[in-house]
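# A closer look at the structure
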Amino acid sequence: MQSLRTIGVFTSGGDAPGMNACVRAVVRAAHAHDLEVLGIRRGYEGMIEGDIVELDGKSVSNIVQKGGTILKSARSKAFRTPEGRATAAQQLRRAGIDGLIAIGGDGTLRGAALFYEEHGVPLVGCPGTIDNDLFGTDETIGYDTALNTAIENIDRIRDTADAHDRLFLVEVMGRDAGFIALNCGIGGGAELVLIPELLTDLDDVKRKILSQMSSQTRSSIVVVAEGDELGGANRIAEALRKDPAFDPIDLRVCILGHTQRGGSPTVRDRVLASRLGAAAVDALVEGHANVMVGIVNGSIVLTPSRTVWSRRKSIDYDLLKLTEILR
Ligand code: F6P
């Protein structure tokens, strides 16, 4: 293996709070190993265009607490083509980059595995997505902050729902996964949680809501993951409104959307991101390539990139049972 001198770091896919803390950790840990660090802006898109900047120690000062990503992020169509990846490899050679650290979600790691297989650039991934849907780590960077943002909003909705005796369908992010919905559902005392991992039966949903609204409480919160197969909160609301049994019910929809992606990262996310960034540098230095660093049961683990995106991380079915008991 050629010796490592210069590493490139980039953030890719949907941004997540804590990505900056991770970039900072990568830069500082790399300097501790006497490595140079270059920042690739706008993910794979910037890699293809050669949008590369030097990252010295000062460039990552005062960012640990900031949301978003100083390196910016993008979803690149061009990188999905062999030609795009070949151009990206050329740009890396030109910049003298001999190892990469990618911070992003499953799309990022999918691209990373292909890139390594075709062009052999050693690459270590750091799990960064609010969705928490990556196999190989208990938590992803940004997930805890997103949970806290969502729960703060759900608490506010609870106040107004209660004041008006209303039913609220609150949609949280999670294109393919219900981690945010499930945990916010429990934390926010939701009457019902709908997630993509579990088939949603509309009649059952109606029954549960109607019995809830007519019994001890006159307000209700249903947390819906955007990826629920019934089609998200708006579609479910439409279906409920068509049923005359719902005529007396004052129903509102609130989509929390991208509010969940922004904001200052929680301390938990900052520490997670810092540990993962430093561990990714260690992994590259030790000669690992095509792996993702994660934390499982408190310890750093490495998982092959292909395993990360070919296996589905399971939700905790005990938590799901708990939502039924507690509602
Ligand atoms: O992957 C993270 C995520 O926030 C998903 O939960 C959501 O579906 C998606 O990104 C939204 O992506 P975009 O910002 O590109 O619309």
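Residues numbered from 1 in each chain as written. Predicted model: local features only at pLDDT ≥ 70, side-chain atom pairs only at ≥ 80, totals over all residues. Heavy atoms only, no water.

### A word on the domain arrangement of the protein
The test is simple: Where each domain begins and ends follows an automated or database-derived domain assignment. The contact criterion used is simple: two residues touch if any of their non-hydrogen atoms lie within 4.5 Å. A 1.4 Å probe defines the accessible area here, and the buried area is the portion of it lost by two parts on being joined, summed over both. The term salt bridge refers to a pairing of a side-chain nitrogen on Lys or Arg with a carboxyl oxygen on Asp or Glu at a separation within 4 Å. Polar contacts here mean pairs of N or O atoms no more than 3.5 Å apart (in protein, one a potential hydrogen donor and the other a potential acceptor; neighbouring residues in sequence count only if both atoms are side-chain atoms). Classes in brief: Ala, Val, Leu, Ile, Met, Phe, Trp, Tyr, Cys and Pro nonpolar; Asp, Glu, Lys and Arg charged; the others, Gly included, polar.
Domain boundaries in the protein define domain 1 (6-142 + 265-310) and domain 2 (144-261). One C-alpha centre belongs to domain 1, the other to domain 2; they are set 34 Å apart. On the domain 2 side, the residues contacting the 14 residues of domain 1 number twelve residues. Broken down residue by residue, the surface that domain 1 buries against domain 2 is led by Ile130, Asp131 and Thr266, which jointly contribute 41%. Our count for the contact surface shared by domain 1 and domain 2 stands at one salt bridge. For Arg261, the salt bridge is made with Asp15, and the minimal N-O distance between the two is 2.8 Å. At the boundary of domain 1 with domain 2, the tally comes to seven residue pairs in polar contact (both at pLDDT 80 or more). Tallied by class, residues from the side of domain 1 that touches domain 2 come to three nonpolar, four polar and seven charged.

### Description of unusual backbone geometry
Here is the rule: Helix and strand definitions here come from DSSP, where helices need a minimum of 4 consecutive H or I residues and strands a minimum of 2 consecutive E residues; each element is numbered from the N-terminal end. Each residue's exposure class comes from its accessible area (1.4 Å probe, protein chains only) as a fraction of the maximum for that residue type: buried when under 20%, exposed when over 50%, partly exposed otherwise.
With a phi angle near 60 degrees, Arg42 is a residue other than glycine that sits in the positive phi range. Structurally, Arg42 can be placed in the loop between strand 2 (36-40) and helix 2 (43-49). Judged by its relative accessible area of 23%, Arg42 is partly exposed.

### Some words on the pattern of salt bridges
Under the criterion given, the structure shown has 17 salt bridges. In this structure, Glu118 engages Arg85 in a salt bridge whose closest nitrogen and oxygen atoms are separated by 2.8 Å. Residue Glu118 is located in helix 4 (residues 106-119), and its partner Arg85 is located in helix 3 (residues 82-95); the two are separated by 33 residues in the primary sequence. The buried category is assigned to Arg85, whose relative accessible area is 5%. For Arg166, the salt bridge is made with Asp250, and the minimal N-O distance between the two is 2.9 Å. Pair noted here: Arg166 is in the loop between helix 5 (143-164) and strand 6 (167-172) and Asp250 is in the loop between helix 8 (232-241) and strand 9 (251-255), with a separation of 84 residues, a long-range link. Accessibility expressed as a relative area gives 29% for Asp250, which makes it partly exposed. One network of salt bridges, in which partners are shared, links Asp204, Arg207, Lys208, Glu324 and Arg327.

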